[in-house]
Amino acid sequence: MTALPQGLTAGSWNIDPIHSEFTFTARHAGVSKVRGHFEEIAGSVNVGETLEDSAVSAEASANSINTRNEQRDGHLKSGDFFLAEEHPKLSFKSTAIKADSADEFETVGELTMRGVTKEVAFATEFAGVATDPNGNQVAGLSATTTVNRKDFGMSFEAVLGGGELLVSDKIKIELELELVKA
């Protein structure tokens, strides 16, 4: 069993949506990166006595997607991508947390998008614990993974003249989370 990172204490920690981000990056036309984020996120980390006894549960509203382009956001909410009307939430539920070092670990779990659930592994980094100006105990985590959008039923297939995909299959997901001790 792995001890908790220094300063992190057992109990329930809630994601602070004001100080957290769920972002993603896709290649556009094979040459540039387009970034976006979900504006509505929520979740919690239930920290056990050991890292292995801990669990993560989080979700995002598919309709809160924001890439700074209303037309693109509408397309991403459509049946070509998130099918947001039928599947309004993206969710993640951890199944295992494994230490790589004192402050780095792998968070494995089930990611559900568009009604499809797949196992993913997030490379996770613990940033520490502090007390905010309101006296709340807060902790920071960063996590990244890469998924293939087709694995989740997002089969939009616009191909350019040179054979490049308009939207890459590989999507990088990055989370910057501030947790507040409940």
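The name given to the chain in an unreviewed UniProt entry is Polyisoprenoid-binding protein YceI, with Brevibacterium iodinum ATCC 49514 as the source organism.

Secondary structure assignment for the chain yields one helix and 11 strands. Reading the chain from its N end, one meets helices and strands in the order β-β-β-β-β-β-α-β-β-β-β-β. Taking 182 residues into account, the globule formula puts the C-alpha radius of gyration at 16 Å, and the chain, at 17 Å, falls close to it. Seen along its three principal axes, the alpha-carbon backbone of the chain occupies a region of about 55 × 35 × 30 Å. For the chain, the residues scored as buried account for 41% of the 182 residues in total. Accessible area of the chain: about 9800 Å², with a carbon and sulfur share of 48%. Counting 16 positive and 28 negative side-chain charges, the chain places the averaged centre of each group 7 Å from the other.

Attention now moves to the pattern of salt bridges. All chains considered together, the criterion is met by six salt bridges. Residue Glu-106 pairs with Lys-98 through a salt bridge whose shortest N-O separation is 3.9 Å. One salt bridge in this structure joins Arg-149 and Asp-169, with 3.4 Å as the shortest N-O distance. Placement of the pair is Arg-149 in the loop between strand E10 (137-148) and strand E11 (167-181) and Asp-169 in strand E11, with a sequence separation of 20 residues. Using a relative accessible area of 2% as the deciding quantity, one classes Arg-149 as buried. Residues participating in the shared-partner salt-bridge network are Arg-149, Lys-150, Glu-157 and Asp-169.

Cut-offs and rules
Residues numbered from 1 in each chain as written. Predicted model: local features only at pLDDT ≥ 70, side-chain atom pairs only at ≥ 80, totals over all residues. Heavy atoms only, no water. Helix = DSSP H or I, 4+ residues; strand = E, 2+ residues; numbered from the N terminus. Rg over C-alpha atoms; globule rule 2.2 N^0.38 Å. Buried < 20%, exposed > 50% of the residue type's maximum accessible area, 1.4 Å probe, protein only. Areas by Shrake-Rupley, 256 points an atom, 1.4 Å probe, with all protein chains shown as cover. Lys, Arg positive; Asp, Glu negative; His and termini not counted. Charge placed at Lys NZ, Arg CZ, Asp CG, Glu CD. Salt bridge = Lys/Arg side-chain N within 4 Å of Asp/Glu carboxyl O.

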